[in-house]
Number of protein chains: 2
Amino acid sequence: MADTPILHGYYRSSASYRVRAVLNLKGLGYADAFHHLRKGEQRAPGYLALNPQGLLPALETEGDVLTQSLAICEYLDEVYPTPPLLPADPVARAKVRAFALAIACDIHPVQNLKVLARLRALGLDEAQVSLWAATTIEDGLDACDALIAGGRGPYCFGDTVTLADVFLVPQLYNARRFGVALRWPRLVAAEAACLAMPAFRAAAPDAQPDAE
Amino acid sequence: MADTPILHGYYRSSASYRVRAVLNLKGLGYADAFHHLRKGEQRAPGYLALNPQGLLPALETEGDVLTQSLAICEYLDEVYPTPPLLPADPVARAKVRAFALAIACDIHPVQNLKVLARLRALGLDEAQVSLWAATTIEDGLDACDALIAGGRGPYCFGDTVTLADVFLVPQLYNARRFGVALRWPRLVAAEAACLAMPAFRAAAPDAQPDAE
């Protein structure tokens with residue numbers, strides 16, 4: 001990269017975790033800009049000027065600002081193709097993307113901080129809010145598990161890390177935070193294979209300078 | 001296509017609407033298989049065997065089943081590249097994808113039937129449920145509007161239809177269903193430009209054989 005990209009993130013933001021993993025897998029250096037989600041720093045005017053969605057992450061690179069973790073991951077995979085994080089075959093690519101989207105669309109946004117805060121504001125108690133998050137994750141990961149049933153490991157789609165793994169690992173981190181029992185041996189094995197790699201370990205929440 | 005693909009959808013499913021628009025834009029014929037969302041037909045065993053997520057749409061093609069509307073759209077754009085629905089430049093592609101994902105991740109899954117049913121089951125009344133959906137859509141479309149601020153029309157990203165438009169048009173259809181006042185002239189203009197095209201008009205919910 002001509003300039004060093006700046007990743008706007010937060011240690012426990014699972015969407016930021018995805019982008020950190022891809023940057024590391026591609027061997028790309030980056031600078032961190034942290035925004036504390038629980039303190040609402042992602043809604044500060046300075047950050048909203050960069051990303052009007054007020055969500056993390058955003059990647060400043062080549063004089064531009066990219067948002068939405070999957071769009072950033074696809075960008076990095078297109079511009080820095082080694083190692084590739086999508087297969088070459090169109091059907092296989094669609095299956096990897098579908099797995100990532102099953103997490104990015106149907107699990108994470110339904111259990112993120114913003115939605116849980118809205119549930120609390122509607123008068124739900126902590127037990128109800130936690131059950132909402134856990135049920136969302138359990139149903140979603142049941143589907144993810146089915147999406148890779150019959151396939152080979154150790155990763156989600158065979159012997160190569162793909163964007164499916166990049167999205168799975170942060171979601172399993174979230175699952176543990178919400179006390180979800182991990183009843184999916186195949187998913188947990190893919191996570192273990194990923195966490196054996198320095199790229200994933202360095203991207204983990206607890207390895208970030210802003211970890212609490 | 002060697003075989004005629006089968007699109008599993010529902011007339012008012014906005015994710016199905018996206019895929020119908022892309023199939024039409026590419027000039028691809030397809031057969032419909034309808035599953036009535038409000039009757040829960042997407043949870044029938046026969047459909048779950050095709051798509052374990054129990055969500056619409058799914059596209060049966062080339063002996064395989066593709067799921068997740070964005071993954072299907074990307075597949076169709078890769079295999080049938082004319083007309084292209086993503087720009088050639090990686091940064092421009094990332095911006096189009098980010099707009100589509102701002103809808104696919106941060107609006108639609110938070111206001112879909114499944115989530116609204118969960119809110120009702122928690123005891124929220126219809127006014128609260130409708131406000132939840134409307135607020136989700138308003139906040140999300142505010143962000144989408146900002147993502148294309150300063151750009152040229154008539155479409156979201158200039159003079160060519162992209163996946164951004166394909167995701168916008170069904171979301172504006174949903175916005176109207178929930179009584180949202182459309183305060184985004186730029187988005188409404190992009191929608192009008194799309195609906196001037198037969199490909200979008202033929203994809204609209206009211207044009208489907210299962211429309212009620």
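Reading guide: rules and limits
- Residues numbered from 1 in each chain as written.
- Chains lettered and ligands numbered in written order.
- Predicted model: local features only at pLDDT ≥ 70, side-chain atom pairs only at ≥ 80, totals over all residues.
- Heavy atoms only, no water.
- UniProt positions renumbered as here; feature names shortened; annotations may be inferred.
- Axes fitted to C-alpha atoms, helices over the stretch in contact; angles between N-to-C directions.
- Helix = DSSP H or I, 4+ residues; strand = E, 2+ residues; numbered from the N terminus.
- Parallel < 35°, antiparallel > 145°, perpendicular 65-115°, else oblique.
- Left-handed = near helix turned anticlockwise from the far one by under 90°.
- Contact = heavy atoms within 4.5 Å.
- Nonpolar A, V, L, I, M, F, W, Y, C, P; charged D, E, K, R; others polar.
- Domains from an automatic or database assignment.
- Buried area = accessible area lost by both parts, 1.4 Å probe.
- Salt bridge = Lys/Arg side-chain N within 4 Å of Asp/Glu carboxyl O.
- Polar contact = N/O pair within 3.5 Å; in protein donor to acceptor, adjacent residues only side chain to side chain.

Per an unreviewed UniProt entry, chain A goes by the name Maleylacetoacetate isomerase and belongs to Sphingomonas hengshuiensis. Note on chain A: under the UniProt heading Sequence similarities (unreviewed entry), the record states "Belongs to the GST superfamily. Zeta family."

Visitor: Residues and numbers for the packing of helix H1 (residues 14-25) of chain A against helix H8 (residues 163-177) of chain A, please.
Guide: Two numbers describe a pair of packed helices, the interaxial angle and the distance between the axes. Residue and element names in this part refer to chain A. Where H1 meets H8, the axes come as close as 9 Å, and the angle between the chain directions of the two elements is 140°. One element, H1, and the other, H8, form an angle in the oblique class. You can see that H1 and H8 cross each other, and the crossing is right-handed. Packed against H1, whose contacting residues are Ser14, Tyr17, Arg18, Val22 and Leu25, the element H8 presents Leu163, Val166, Phe167, Val169, Pro170, Tyr173 and Asn174 at the interface. Among the residues forming the contact of H1 with H8, the class breakdown is nine nonpolar, two polar and one charged.

Visitor: Any details on unusual backbone geometry? Residues and values, ideally.
Guide: One can expect most non-glycine residues to show negative phi and most peptide bonds to be in trans. All names here are of chain A. The amide bond that connects Thr82 to the next residue, Pro83, takes the cis arrangement and shows omega of -10°. Relative to the elements of secondary structure, Pro83 occurs in the loop between helix H3 (69-79) and helix H4 (90-104). Each neighbour pair has its own omega, and for Gly153 with Pro154 the value is 5°, a cis peptide bond. With respect to the helices and strands, the residue Pro154 is situated in the loop between helix H7 (126-147) and H8.

Visitor: For the UniProt feature "domain: GST C-terminal" (unreviewed entry) in chain A, give the residues involved together with the corresponding values.
Guide: Within this numbering scheme, the UniProt entry marks residues 89-212 of chain A as carrying the feature "domain: GST C-terminal" (unreviewed entry). Secondary structure over residues 89-212 of chain A splits into 66% helix and 0% strand, and the C-alpha atoms at its two ends are 42 Å apart.

Visitor: How would you sum up the domain arrangement of chain A? Please name residues and give values.
Guide: Residues and elements named next belong to chain A. The domain boundaries assigned to chain A delineate domain 1 (6-83) and domain 2 (90-200). Spacing between the C-alpha centres of domain 1 and domain 2 amounts to 19 Å. For the pair domain 1 and domain 2, the summed buried area comes to about 1700 Å², and 66% of that belongs to carbon and sulfur atoms. Residues Glu74 and Arg97 are paired through a salt bridge, measuring 2.7 Å at the closest nitrogen-oxygen approach. Connecting domain 1 to domain 2 are four residue pairs in polar contact (both at pLDDT 80 or more). Ranked by residue count, the leading element in the side of domain 1 that touches domain 2 is H1, at eight residues.

Visitor: Any details on the interface of chain B and chain A? Residues and values, ideally.
Guide: With 40 residues of chain B at the contact, the number on the chain A side is 40 residues. Taking both partners together, chain B and chain A bury about 3700 Å²; carbon and sulfur atoms supply 67% of that area. If you sort the residues of chain B by the area they bury against chain A, Arg118(B), Leu122(B) and Trp132(B) come out on top, with a joint share of 15%. Taken together, the links from chain B to chain A amount to eight salt bridges. Between Glu78(A) and Arg97(B) there is a salt bridge, and its shortest N-O distance comes to 3.0 Å. In this assembly, chain B and chain A are joined by 16 residue pairs in polar contact (both at pLDDT 80 or more). The set of elements that each furnish at least two residues to the side of chain B that touches chain A consists of strand E4 (64-67), helix H3 (69-79), helix H4 (90-104), helix H5 (108-111), helix H6 (113-121) and helix H7 (126-147) of chain B. The element that contributes the greatest number of residues to the side of chain B that touches chain A is H4(B), accounting for 10 residues. Here the residues of the side of chain B that touches chain A are counted per class, giving 26 nonpolar, six polar and eight charged.

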